[in-house]
Amino acid sequence: MEGKKLLNQGFKPLDNKPLNEKGLNFMGDFKGYFLLGPVNRTWFFSNKVSGAFPVTVELSQGITVCAHSNGTISFES
């Protein structure tokens, strides 16, 4: 699971619970977080499904987090 990659980089779930592969995971802190969840999951109160979309986030610690369209995450420093 990609959430384990974030754990290894020091990101923790906001609620300090174990990662849930079938649910939503808020990873980070209240200043900023990543929302992870399974692809094709139906959103609450909606008929829309989730997807994986590419995004790059540059953090002040000098780390770049890359989310890829295939659902994987990588890191650059």
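Residues numbered from 1 in each chain as written. Predicted model: local features only at pLDDT ≥ 70, side-chain atom pairs only at ≥ 80, totals over all residues. Heavy atoms only, no water.

Points about a nonpolar patch on the surface
Next up, step 1: A cluster of nonpolar residues, Phe26, Tyr33, Leu35 and Trp43, forms a patch on the protein surface that exposes about 390 Å² of accessible area.
Next up, step 2: Residue position: Trp43 is located in the loop between strand S2 (32-36) and strand S3 (55-58).
Next up, step 3: In this structure Trp43 comes out as partly exposed when scored by relative accessible area, which is 35%. (Patch = residues over 30% accessible without salt bridge, like charges linked within 9 Å, V, L, I, M, F, W, Y side chains within 5 Å. Areas by Shrake-Rupley, 256 points an atom, 1.4 Å probe, with all protein chains shown as cover. Salt bridge = Lys/Arg side-chain N within 4 Å of Asp/Glu carboxyl O. Helix = DSSP H or I, 4+ residues; strand = E, 2+ residues; numbered from the N terminus. Buried < 20%, exposed > 50% of the residue type's maximum accessible area, 1.4 Å probe, protein only.)

Re the sheet that holds strand S4 (residues 64-67)
The strands making up a sheet associate through hydrogen bonds between their backbones, and the pairing can be parallel or antiparallel.
Next up, step 1: Spatial ordering of the open sheet is given by S3-S4-S5, a layout of 3 strands whose pairing is antiparallel. At either margin of the open sheet sits one strand with a lone partner, and together these are S3 and strand S5 (73-76). Mean inter-strand twist for the sheet, computed between neighbouring axes without regard to direction, equals 20 degrees.
Next up, step 2: For S4 and S5, the ladder comprises 4 bridges, and the chain directions are antiparallel. Directly across from Thr64, in S5, lies its bridge partner Glu76. (Pairing = 2+ DSSP bridges. Axes fitted to C-alpha atoms, helices over the stretch in contact; angles between N-to-C directions.)

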